[in-house]
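These are the residues of each chain, in order.
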Amino acid sequence: MKSKIVAGILGILLGGWGVHKFYMGNILAGVVYLVLCWTGIPSILGLIEGIVFLIDDDEKFQARVEAKKFFF
């Protein structure tokens, strides 16, 4: 079971490298974040995703993890 707190903190602090994507099991998106990290766009998206992970309720977050429905 993935922790929404860990995913949120990883998204906020290391989202530019896609660490939160790797943690959540979305390897392809993590690689895309790594490839595009020099643009700064993944950093902005990681910050937004991290905040959303932290404010989501537990049931909604776990449903997203089980369905593999992430933002990207």
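Model, not experiment: these values are computed from the prediction.

## Describing the overall build of the chain
No. 1: Helices and strands together make up the secondary structure of the chain, namely five helices and zero strands.
No. 2: Ordering the α and β elements of the chain from the N terminus gives α-α-α-α-α.
No. 3: If one aligns the C-alpha atoms of the chain with their principal axes, the spans along those axes are about 35 × 20 × 15 Å.
No. 4: Within the chain, buried positions represent 36% of all 72 residues.
No. 5: For the chain, the exposed surface amounts to about 4,400 Å²; the carbon and sulfur share of it is 74%.

## A look at the environment of Ile51
No. 1: Note on placement: Ile51 falls in helix H4 (residues 41–55).
No. 2: Classification of Ile51 by relative accessible area gives partly exposed; the value is 41%.
No. 3: Through-space distance from the C-alpha of Ile51 to that of Ala67 is 20 Å; in sequence the pair is 16 residues apart.

## What to know about the side chain of Gln62
No. 1: Along the chain, Gln62 falls in helix H5 (residues 58–67).
No. 2: The buried category is assigned to Gln62, whose relative accessible area is 18%.
No. 3: In contact with Gln62, not counting residues within four places along its chain, are Met1 and Lys2.

## Structural notes on the environment of Gly16
No. 1: Along the chain, Gly16 turns up in the loop between helix H1 (4–14) and helix H2 (19–24).
No. 2: Owing to a relative accessible area of 12%, Gly16 belongs among the buried residues under this scheme.
No. 3: Along the sequence, Gly16 and Tyr33 sit 17 residues apart, while their C-alpha atoms lie 6.6 Å from each other.
No. 4: Apart from residues lying up to four places away in sequence, Gly16 is in contact with Tyr33, Cys37, Pro42 and Ser43.

About the thresholds
- Residues numbered from 1 in each chain as written.
- Predicted model: local features only at pLDDT ≥ 70, side-chain atom pairs only at ≥ 80, totals over all residues.
- Heavy atoms only, no water.
- Helix = DSSP H or I, 4+ residues; strand = E, 2+ residues; numbered from the N terminus.
- Buried < 20%, exposed > 50% of the residue type's maximum accessible area, 1.4 Å probe, protein only.
- Areas by Shrake-Rupley, 256 points an atom, 1.4 Å probe, with all protein chains shown as cover.
- Contact = heavy atoms within 4.5 Å.

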